[in-house]
Amino acid sequence: MPSKTSSRYDKKEEMVTTDAHTHPTRRSWLGVAVITASLFTFVTTELMPVGLLTPVSANLDVSAGVAGLMVTLYGLSAGLGVPFIVAGTRRINRRVLLSALLAILALGNLLTAVSPNFALILTTRLVMGFANGVFWAIGVSMAMRLVPERLAPRASAIALSGISIAAVVGIPLGTFLESLTSWRTTFLIWAGLSMLVFLAVTLVIPSLPSENTVPVREVFRLPLQHAQLRLVMVAVTLYVLGHFGAYTFIRPFAEEHSSASAAFISALLMMYGVGGAAGNFIAGHTVTMNPRVSFVVACTGLVTAMLLLLTIGHTRPGLTLAVALWGVSFGVANLCQINLMLGAAPDRFEAAMSINTMGYNTSIALGALFGGWFADTLGVDSAVWFGVALTGAALLVAIGTRRKTTAAVSTEDELAITR
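These numbers come from a predicted model, not from an experiment. (Residues numbered from 1 in each chain as written. Predicted model: local features only at pLDDT ≥ 70, side-chain atom pairs only at ≥ 80, totals over all residues. Heavy atoms only, no water.)

Draft legend 1. Spotlight on the overall build of the protein. Along the protein, the regular secondary structure elements total 16 helices and zero strands. Within the span of the protein, comprising 419 residues, buried residues form 59% of the whole. Looking at the protein alone, contacts between residues at least 24 apart form 88% of all its contacts between residues at least 6 apart. (Helix = DSSP H or I, 4+ residues; strand = E, 2+ residues; numbered from the N terminus. Buried < 20%, exposed > 50% of the residue type's maximum accessible area, 1.4 Å probe, protein only. Contact = heavy atoms within 4.5 Å.)

Here's what the structure looks like:
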């Protein structure tokens, strides 16, 4: 018999799209597009330092590993703060909250562009990370509420395509703009973009009163109640740690081993993004059949890509092959891990999303931190070896995790969610 908590939660989940039919269809899909633009802006802001690591470290006279703290602190605040801030803002209209988050993002990018020292940049990125974490907790459900319930999965898939767009266009574009101007100008341009999206939200998104907030205690209780979820979280934590421990330092690696120019690195990051989009597409067809096997294959691809980087990454063709495989594998892994998580706790959608946001972003932060320590202490190759070790461990955990029959979401109701 389901508990009172479960029943109450199920009722809340049913309410997610109850207001969707009150919005005109055209405006509804325009609102989904604005949510997509918001996600694009948040993702590019979070990972922009990956493509700008060398010029930032040179201009501010810090090592590449220390410059990687721009990713670390951002991820830490995004992960650790989300359950508390979302619960604390449970009475705030979601349109108003998203507008506030984008205003913080715009101001943060502006401050980053004009900051006279690295300490102020880190402080700014720390605050911006809190806004990022809250967006991940509310953004997808906002898109789902804008359309009729039967179209909610399509709305979530469109909104989350902002991740692929950021990888294919946003981050490589930022690197290219830096090669033409400076890293400060790049962040200044992104401040303007954040403000444009802010204006779009205020003009297009209808009022969305908060109605499905997860209590903090529910988030932290969830892994204790679900053994399968704990195993999934261990595997996710390991592969995200490994991925970002190595990927954060892809530019210094390429410059050191193949004398890659800024333009070539932009193309390389774009290829990675295209690979990620291809991986999402592939996983969209395989995840409903067997998400665990798909995840195992993805982790195998990550390990292989990093080993290729270490063995043939000194040549541009080898570097290109490794990064392309890396992008495809990471795209598959991201979609699979969300389906595995939701399959492990199907009756706790928002709680699962909150715990995922917390664990994922914290792992991004710690991965960049540990990778930076290895890069500064033992050389940039050691950061990649760190990635091999952690993604290899994730592979072993995934192989040992039994398949849960409810892990796959049906094709009709699948939420094509990626990080």
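Draft legend 2. Structural view of the side chain of T362. Here T362 is to be found in helix 15 (residues 349–378). A polar contact of 2.6 Å, which involves the side chain of T362, links it to the backbone oxygen of M358. In this view, T362 contacts G75, L76, G79 and L80; residues no more than four positions away in its chain are not counted. (Polar contact = N/O pair within 3.5 Å; in protein donor to acceptor, adjacent residues only side chain to side chain.)

Draft legend 3. Looking closely at the packing of helix 5 (residues 94–114) against helix 8 (residues 183–204). Put simply, helix 5 and helix 8 touch, their axes get as near as 8 Å, and they point 165 degrees apart. Classified by the interaxial angle, the pair formed by helix 5 and helix 8 is roughly antiparallel. Like other packed secondary-structure pairs, helix 5 and helix 8 cross with a definite hand, here left-handed. Contact residues: helix 5 offers R95, L98, S99, L102, A103, L105, A106, N109, L110, T112, A113 and V114, while helix 8 offers W183, R184, F187, L188, W190, A191, S194, M195, V197, F198, V201 and T202. Residue composition of the contact of helix 5 with helix 8, by class: 17 nonpolar, five polar and two charged. (Axes fitted to C-alpha atoms, helices over the stretch in contact; angles between N-to-C directions. Parallel < 35°, antiparallel > 145°, perpendicular 65-115°, else oblique. Left-handed = near helix turned anticlockwise from the far one by under 90°. Nonpolar A, V, L, I, M, F, W, Y, C, P; charged D, E, K, R; others polar.)

Draft legend 4. Region of the structure containing the nonpolar core. In terms of nonpolar packing, the biggest core is built from 124 residues, with Y239, F295 and W326 touching the most fellow members. In this structure Y239 touches F295, C299, L302, F330, A333, N334, Q337, Y360, L390, T391 and A394, once residues within four positions along its chain are discounted. (Core = buried A, V, L, I, M, F, W, Y, C linked by side-chain atoms within 4.5 Å.)

Draft legend 5. Seen up close, the environment of C336. Here C336 lies in helix 14 (residues 316–344). Spatially, the C-alpha atom of C336 lies 5.6 Å from that of F295, the residues being 41 residues apart in sequence. Residue contacts for C336: discarding those within four places in its chain leaves V287, P291, S294 and F295.

Draft legend 6. Spotlight on the confidence of the model for the protein. This prediction gives the protein a mean pLDDT of 82; 87% of its residues lie at or above 70. Counting interchain partners and residues more than four positions distant, the pLDDT-below-50 stretch residues 403–419 has 58 contacts. (pLDDT = per-residue confidence, 0-100.)

Draft legend 7. Quick peek at a nonpolar patch on the surface. On the surface, a nonpolar cluster with roughly 420 Å² of combined accessible area is contributed by L107, L110, L111, V114 and L188. The element contributing the most residues to the nonpolar patch is helix 5, with four residues. With respect to the helices, strands and loops of the structure, V114 is situated in helix 5. (Patch = residues over 30% accessible without salt bridge, like charges linked within 9 Å, V, L, I, M, F, W, Y side chains within 5 Å. Areas by Shrake-Rupley, 256 points an atom, 1.4 Å probe, with all protein chains shown as cover. Salt bridge = Lys/Arg side-chain N within 4 Å of Asp/Glu carboxyl O.)

Draft legend 8. View of the pattern of salt bridges. Evaluated as defined, the whole model comprises two salt bridges. Across the salt bridge formed by E178 and R251, the nearest N and O atoms sit 3.9 Å from each other. Residue E178 is located in helix 7 (residues 152–180), and its partner R251 is located in helix 11 (residues 250–258); the two are separated by 73 residues in the primary sequence. Note on accessibility: E178 and R251 belong to one class, buried. A salt bridge links E255 to R251; the nearest nitrogen and oxygen atoms lie 3.0 Å apart. On the criterion of helical spacing, the pair formed by E255 and R251 is a turn pair, its members being four residues apart in helix 11.

Draft legend 9. View of the packing of helix 2 (residues 25–60) against helix 6 (residues 118–145). Relative to each other, helix 2 and helix 6 sit at 155 degrees, their axes nearing to 10 Å. Comparing their axes, helix 6 and helix 2 come out roughly antiparallel. In this structure, the crossing between helix 2 and helix 6 has a hand that is left-handed. Facing V32, I35, S38, L39, F42, V43, T45, E46, P49 and L60 of helix 2, the residues of helix 6 in contact are F118, I121, R125, M128, A131, N132, F135, W136, G139, M142 and A143. Taken together, the residues of the contact of helix 2 with helix 6 sort by class into 15 nonpolar, four polar and two charged.

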